[in-house]
Amino acid sequence: MFDNLDALVHGFGVVLTFHHVAIIMGGVLLGILVGVLPGLGAPNGVTLLLPLTFSMDPVSAIILLTSLYWGALFGGSTTSILFNIPGEPSSVATTFDGYPMARNGRATEALTYAFLSAGFGALVGVVVITLLSGFVTSFALRFGPPEYFAVYLLAFASFIAFGGGAPLKTLVSICLGFGFGMVGMDTVSGSMRLNFDIPALIKGISFLVVVIGLFGIGELLLTLEEGLEFKSVRAKLNPVEILRAATRMPRYFLAMLRGSAIGVWMGITPGGPTAASFMSYGIARKVSRRRDNFGKGEPEGVIAPETADHSAGTAAMLPMLALGIPGSATSAVMLGGLMIWGLNPGPMLFVEQKDFVWGMIASMYLGNVIGVVLVLATVPFFAALLSVPFTIIGPIIVTVCLAGAYTVASSAFDLWIMLAFGVAGYVMKKLDYPIAPLVLAMVIGDKAEDAFRQSMLLSQGSLGILWSNPLVGTISTIAILFLLWPLAAAFLGWRRAGKSALAAGSGSQA
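Since the model is a prediction, treat every value here as computed from it, not as a measurement.

Trainee: How should I be thinking about unusual backbone geometry in this particular structure?
Mentor: The general pattern is negative phi for most residues beyond glycine and trans for most peptide bonds. Within the chain, Asp432 stands out as a residue other than glycine whose phi angle is a positive 65°. Mapped onto the secondary structure, Asp432 falls in the loop between helix H19 (412-430) and helix H20 (436-459). Asp432 gets classed as exposed once you look at its relative accessible area, which sits at 56%. One non-glycine residue, Gln460, lies in the positive phi region at around 60°. Relative to the helices and strands, Gln460 resides in the loop between H20 and helix H21 (470-509).

Trainee: Looking at this structure, I do not really get the pattern of salt bridges. What am I missing?
Mentor: Pairs may arise between side chains of opposite charge once their charged atoms sit close together. Applying the stated rule across the entire model yields seven salt bridges. The shortest N-O distance in the salt bridge between Arg290 and Glu298 comes to 3.0 Å. Glu298 gets classed as buried once you look at its relative accessible area, which sits at 4%. Three or more residues joined by partner-sharing salt bridges are found here, namely Arg258, Arg290, Glu298 and Glu300.

Trainee: Quick question: what am I supposed to make of the packing of helix H5 (residues 92-103) against helix H13 (residues 300-315) here?
Mentor: When two helices pack together, their arrangement is given by the angle between the helix axes and by the axis-to-axis distance. Contact geometry of H5 with H13 gives a least axis separation of 8 Å together with a crossing angle of 145°. Considering the relative orientation of H5 and H13, their crossing is left-handed. Residues Ala93, Thr94, Asp97, Gly98 and Met101 of H5 form the contact with H13, whose own contacting residues are Gly301, Val302, Pro305 and Glu306. Class assignment of the residues belonging to the contact of H5 with H13 gives a composition of four nonpolar, three polar and two charged.

Rules and cut-offs
Throughout, residues of each chain are indexed from 1 in the direction in which the sequence is written. A pLDDT threshold of at least 70 governs which residues receive local features in this predicted model, and a stricter bar of 80 or more applies before side-chain atom pairs are shown or counted, although totals over entire chains, interfaces and linings include all residues. Side-chain measures here rest on the full set of heavy atoms in the structure, leaving out hydrogens and waters. Helix numbers and strand numbers start at the N terminus; a helix is a DSSP run of H or I with at least 4 residues, a strand a run of E with at least 2. For the exposure calls, accessible area comes from a 1.4 Å probe over protein chains only, and a residue counts as buried if that area is under 20% of its type's maximum, exposed if over 50%, partly exposed in between. Salt bridges are counted wherever a side-chain nitrogen of Lys or Arg sits within 4 Å of a carboxyl oxygen of Asp or Glu. Geometry is summarised by axes, namely lines fitted to C-alpha atoms with helices restricted to the contacting stretch, and by angles between N-to-C directions that run from 0 to 180 degrees. Here a crossing is called left-handed whenever its near helix is offset anticlockwise from the far helix by less than a right angle, and right-handed whenever the offset is clockwise. Pairs of residues are marked as contacts when any of their non-hydrogen atoms sit within 4.5 Å. Nonpolar residues are Ala, Val, Leu, Ile, Met, Phe, Trp, Tyr, Cys and Pro. Charged residues are Asp, Glu, Lys and Arg, and all others, Gly as well, are polar.

Shown next, in the form of structure tokens:
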């Protein structure tokens, strides 16, 4: 505990410089813009900014990306409340009560509840990271190839069991990610795989280009199809109303604690912020004394999803850093960034790169405070920005996507790959195939393959090595149980439906 506090103080020493504070403020502002503009979103915003960090030191780079992430989460809340347009997928649940509050003349109150509860949820997530990081570090020297493969297997199994989508569709996405990740040279044998004699594919498919296509172009195609119409409400904030709403926050303290707990759990597991916000809203609606007011402008309907959203987004950084398992699509993109910067995510990262890890954690404390202040100050500006026709904003986003994809390797072929994955992302979203598992498989698929091969070499081909000690055996068993969970849930549902049908038949005969 005290070691963690000492490390956190050291992290603040790294972050509290003019250079890093300026990066935090710039990143938050960029993130708010990314969150406000429909068609971008945090994963794509982080992806587009990632090539610009190649020349930065890793500490500054991760501070910039995480600050953009926090700002994007705040920005998504702004458009959900003022325009009934979720700038972020995780902000959809906020529209249910946030927009009705704004339409009833309570926009300031709704925004204040959203931002303060979001800041509280994020703070809980950072505290959890601070407390658990030492526990994770204690396992650093116990991890070998079998343990790493078991953890990767657990990551994929967790997505299948708890990812929120259809398990079979999640499995298909993971397999597609494995396939795309195998294109190019085999790192063990040196042979070429799945390049189809195309010279440009010898180097493989860059996950950055894939993510820009999936999240950027894919979202734009959906936006064009939906034909967005901005129906805004007054966005001028009254300081007196802000203070009045802030004084009423303690009466919703239980909802904030519950939302934070849900968010932390869904962030550490691969549920992610979107699933956390919907789950928190649903539970709040079931247990609230004012459940009849939900959907009509109930403050708890804003506070519950926002708290879970931000605590999940923050907590997702822990498995990404400690185990190389991203808990959200954005952290999956950041995981790729770590590898590009020459850092290896995993337990040893906390031992070998203390400045990086604790500088990032300290910046999360500071970034969330700055985020709450900046988002309250900039709401009128971004509300005015949304009055710009999408016919102007859309081409700007396309230009940024093209520039980001070309910057990765200065290859024109990458632009065609980006466009192809843009269409693929559009089709996957239309068919409800989750994209995050595909990104995860592309990012860590080769590492899982290498760990599995090394494990098989150590055991002379025996899978028993995955149960050779209590640590790897526990992780492997949990992973298998997660893989079997959808089948068990379907069987239980089938039995329950059969019993209900039988009871109904008996009642009709009587």
